Amino acid sequence: MDKGALSRWLPWVVVGLFALFPMLESTFYTQLVTKVLIMAIFAMSLDLLVGYTGLVSFGHAAYFGLAGYALALMGPKYEAASLWWTLPGAIGICVVFALVTGLLVLRTRGIYFIMVTLAFAQMLYFVFHDTKLGGGSDGIYIYAKPTMNFGDTVLVNLEKLDQFYWLVLAFTAATFFLLRRILGSSFGSALLGIKVNEHRMRALGFPVFRYQLASFALAGGLAGLSGYLAAVQFGFVNPEILSWHQSGAVLMMVILGGMGTLHGAVIGAFAFI
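Residues numbered from 1 in each chain as written. Predicted model: local features only at pLDDT ≥ 70, side-chain atom pairs only at ≥ 80, totals over all residues. Heavy atoms only, no water.

1. Points about the side chain of Thr-86
Assignment of secondary structure puts Thr-86 in helix 4 (residues 83-105). A polar contact of 2.7 Å, which involves the side chain of Thr-86, links it to the backbone oxygen of Ser-82. Setting aside anything within four residues of it in sequence, one finds Thr-86 in contact with Leu-71, Met-74, Ala-81 and Tyr-228. (Helix = DSSP H or I, 4+ residues; strand = E, 2+ residues; numbered from the N terminus. Polar contact = N/O pair within 3.5 Å; in protein donor to acceptor, adjacent residues only side chain to side chain. Contact = heavy atoms within 4.5 Å.)

Dropping the structure here:
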């Protein structure tokens, strides 16, 4: 089998093997791998910025935590909310926040970009830490996991560990293949060109700022997806999930696995966790 065919089929084989994992009937390891898969989505979203667009963000945890808080605040306090509207709502909030912050932070470069992204994340951290909006430093409990029903039929029961694991695995696989498709397109080629030589791409007529903003918003939305799933798994959010050390942790995952490789982000998440 040539390398091209191997690269196409190997991810599907890996996904199939991971789908069998809950059958081992080990609750602890199933929960652990679920957490790793969620963090793999988070790492892939940052790798889109760092490894493919050349933007080193140290405030990526802002979108991870914002989505978790969005789930906690959008649903009823003691009743289960619907995943069908809370998930798109949480991701949408993260995308809008990424667009707004991106319009500002993308006007800086290098160490200044790193520091401004960190500043925005810390501002959001103190919004939830120092006000009653998000329960202050104590955070908020999510007493009931969201429902995923179609009419009266329960499609996925998130209260059951194996079903939640398979849902997370599906989202992780979807994120991987979506990013691989995007990065294999002309848009992805343009991002790589911008990473290598931004001035040359601008001279060739590419709207560099628009490409970077699109990448920034997409990365924010995918980080929101991982933050939403993490909030569902642990049933709790607090300001620490928005803090600088969370951004540092996911950056370390990307570095461990190898920047600029989606599978590296997944491997880095497993190695770090």
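There's plenty left to go through after this.
2. So, the pairing of strand 3 (residues 153-156)
Both faces of the sheet carry side chains from a regular strand, because those side chains alternate between them. Of the strand pairs in this sheet, strand 2 (residues 148-150) and strand 3 are connected by three bridges, and their pairing is antiparallel. Counterpart to Met-148 in the pairing with strand 3 is Val-156. Adjacent in sequence and paired antiparallel, strand 2 and strand 3 are bridged by two residues, among which Gly-151 carries a positive phi angle near 70°. (Pairing = 2+ DSSP bridges.)

3. Focus: a nonpolar patch on the surface
Taken together, the side chains of Phe-28, Tyr-29, Leu-32, Met-252, Ile-255, Leu-256, Met-259, Phe-272 and Ile-273 define a hydrophobic patch exposed on the protein surface, amounting to about 850 Å² of accessible area. Taken together, the elements giving at least two residues each to the nonpolar patch come down to helix 2 (27-53) and helix 10 (244-257). As for its position among the elements, Ile-273 is in the segment after helix 11 (262-272). (Patch = residues over 30% accessible without salt bridge, like charges linked within 9 Å, V, L, I, M, F, W, Y side chains within 5 Å. Areas by Shrake-Rupley, 256 points an atom, 1.4 Å probe, with all protein chains shown as cover. Salt bridge = Lys/Arg side-chain N within 4 Å of Asp/Glu carboxyl O.)

4. Structural notes on the pattern of salt bridges
Using the criterion set out here, one finds two salt bridges in the structure. Salt-bridge contacts for Glu-198 lead to Arg-109; the nearest nitrogen and oxygen are separated by 2.8 Å. Within this pair, whereas Glu-198 is found in helix 8 (residues 198-203), its partner Arg-109 is found in the loop between helix 4 and helix 5 (111-129), the two being separated by 89 residues in sequence. Residue classification places Glu-198 among the buried positions, given a relative accessible area of 17%. With a relative accessible area of 32%, Arg-109 lands in the partly exposed category. A single network of salt bridges, built from pairs that share partners, joins Arg-109, Glu-198 and Arg-202. (Buried < 20%, exposed > 50% of the residue type's maximum accessible area, 1.4 Å probe, protein only.)

5. Some points on the confidence of the model for the protein
In regions of low pLDDT, the predicted coordinates are not meant to be interpreted in detail. Mean pLDDT for the protein: 89, with 97% of residues reaching 70 or above. Averaged over each element, pLDDT in the protein is lowest for helix 1 (residues 3-19) (73) and highest for helix 9 (residues 208-234) (95). (pLDDT = per-residue confidence, 0-100.)

6. Some points on the environment of Ser-215
Tracing the backbone shows Ser-215 in helix 9. When the C-alpha atoms of Ser-215 and Leu-48 are compared, they prove to be 7.1 Å apart, with 167 residues separating the residues in sequence. One polar contact links Ser-215 to Thr-53, side chain to side chain, over a distance of 2.8 Å.

7. Notes on the packing of aromatic side chains
Counted according to the given criterion, the structure contains 14 aromatic pairs. Look at Tyr-141 and Phe-236: their rings are 4.9 Å apart centre to centre, the planes differ by 50°, and that puts the pair in the tilted class. With Tyr-141 in strand 1 (residues 140-141) and Phe-236 in strand 4 (residues 236-237), this residue pair connects regions lying 95 residues apart in the sequence. Members of the aromatic cluster, joined through ring pairs, are Tyr-63, Phe-97, Phe-113 and Phe-216. (Phe/Tyr/Trp six-rings, centres within 6.5 Å; stacked < 30°, edge-to-face > 60°.)

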